[in-house]
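Notes for the structure review
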Amino acid sequence: GSKDKFAIEVGDYKEISKKGRLKFWIDGKSIGDYKKNHKLDYAMASLNRITEISGDLYDESFSEKSDKEIFTAFFLLEKEKENFTSEDYELIKKYQKFTFFFWDQFDSVTCVTYIKNDFIHFLWTIVKDFVSSEVDYMKNFNSGKADILDFRKAVSDFLSFIKVRE
């Protein structure tokens, strides 16, 4: 892929253990901890899943919201957990399909992914201190989008790269 559009960067890939360093590039911005060397199975499965369900990765409630508003709504950041209602928990359940697990290279990343008008949108933040009671998810908020065709090509190339080495 192209770092200024969408790319998947892999380093130090070990064929036997299927481990490597991994990060994504979206709009010239990177996501992921490239220092961590872990299995790539979850990333492969999640990226493949996104391409399979891409037609279902949108919600009409996003249409009039900015990326920051969507991200805030996803994690109910405007509410205290003890004030969550049953409707809030239903909303969380509904929004689960927009979050994917990419493995340890992304364990400090909270990310929302959706597709609108043939562009895949990634909204993310990096939080290294989940122990703190005052986690500021918006402090390192970032967003980027890529043409869905560029995304699919990068995912296809990534999956082919791994399979060729199996």
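Here the structure is shown first, and the text comes after it.
Residues numbered from 1 in each chain as written. Predicted model: local features only at pLDDT ≥ 70, side-chain atom pairs only at ≥ 80, totals over all residues. Heavy atoms only, no water.

**A short note on the overall build of the protein chain**
- Tallying secondary structure elements over the protein chain gives four helices and seven strands in all.
- What you see for the protein chain is a C-alpha radius of gyration of 16 Å, in line with the 15 Å of a compact globule of 166 residues.
- C-alpha extents for the protein chain along the principal axes are approximately 50 × 35 × 25 Å.
- Considering only residue pairs separated by 6 or more positions, the protein chain has 54% of its internal contacts joining residues 24 or more positions apart.
- A total accessible area of about 9400 Å² is found for the protein chain, and carbon and sulfur atoms account for 48% of it. (Helix = DSSP H or I, 4+ residues; strand = E, 2+ residues; numbered from the N terminus. Rg over C-alpha atoms; globule rule 2.2 N^0.38 Å. Contact = heavy atoms within 4.5 Å. Areas by Shrake-Rupley, 256 points an atom, 1.4 Å probe, with all protein chains shown as cover.)

**Thoughts on the sheet that holds strand S5 (residues 109–116)**
- If you trace the three strands from one edge of the open sheet to the other, you get S5-S6-S7, paired in antiparallel fashion. Both outer strands of the open sheet, S5 and strand S7 (142–147), are each paired with one neighbouring strand and no more. Within the sheet, the average angular offset between the axes of one strand and its neighbour, ignoring direction, is 20°.
- Alignment of strand S6 (residues 119–126) against S7, held across six bridges, turns out to be antiparallel. Its bridge partner being in S7, Ile120 is matched across the sheet by Ala146.
- Of the strands in this sheet, S5, S6 and S7 touch helix H2 (residues 67–74), which is tilted by about 65° from S6. (Pairing = 2+ DSSP bridges. Axes fitted to C-alpha atoms, helices over the stretch in contact; angles between N-to-C directions.)

**Overview of the pairing of S5**
- For S5, the tally of buried residues reaches seven of eight residues, placing the bulk of the element in the interior.
- Here S5 pairs with S6 via eight bridges, running antiparallel. Paired with Thr113 across the bridge in S6 is Phe122.
- The antiparallel hairpin formed by S5 and S6 contains two residues in its connecting segment, where Asn117 sits at a positive phi of about 50°. (Buried < 20%, exposed > 50% of the residue type's maximum accessible area, 1.4 Å probe, protein only.)

**Description of the nonpolar core**
- Counting 41 residues, the largest nonpolar core has Phe6, Phe122, Phe151 and Phe158 as its most contacted members.
- Of all elements in the fold, only strand S1 (6–14), strand S2 (19–26), helix H1 (41–52), H2, S5, S6 and helix H4 (148–164) reach the threshold of two or more residues within this core.
- When residues of this core are assigned to their parent elements, the largest contribution, seven residues, is made by H4.
- Look past the residues within four positions of Phe6 in its chain and what remains in contact with it is Gly1, Phe24, Trp25, Ile26, Phe122, Ala146, Phe151 and Ala154. (Core = buried A, V, L, I, M, F, W, Y, C linked by side-chain atoms within 4.5 Å.)

**Considering H1**
- Counted at 1.5 Å a residue, the expected span for H1 with its twelve residues is 16 Å, and the 16 Å between its end C-alpha atoms agrees.
- Looking at H1, one finds that the buried residues are Ala43, Met44, Ser46, Leu47, Ile50 and Thr51. (Expected span 1.5 Å × (residues − 1).)

**Focus: the pattern of salt bridges**
- Summed over all chains, the structure comprises five salt bridges.
- Among the ionic pairs, Asp59 bridges to Lys94, the shortest N-O distance being 3.0 Å. Pair noted here: Asp59 is in the loop between H1 and H2 and Lys94 is in helix H3 (residues 86–95), with a separation of 35 residues, a long-range link.
- One salt bridge in this structure joins Lys153 and Asp157, with 2.9 Å as the shortest N-O distance. With Lys153 and Asp157 both in helix H4 and four residues apart, this pair spans about one turn of that helix.
- Under the relative-accessibility criterion, Asp157 is labelled partly exposed at 33%. (Salt bridge = Lys/Arg side-chain N within 4 Å of Asp/Glu carboxyl O.)

**Looking at H2**
- Where H2 is concerned, the buried positions are Ile70, Phe71, Ala73 and Phe74. Projected onto a plane normal to the axis of H2, the buried residues spread over an arc of 165° and lie on a single side.
- On its buried face, H2 sits against H3, S5 and S6. (Arc of directions from axis to C-beta.)

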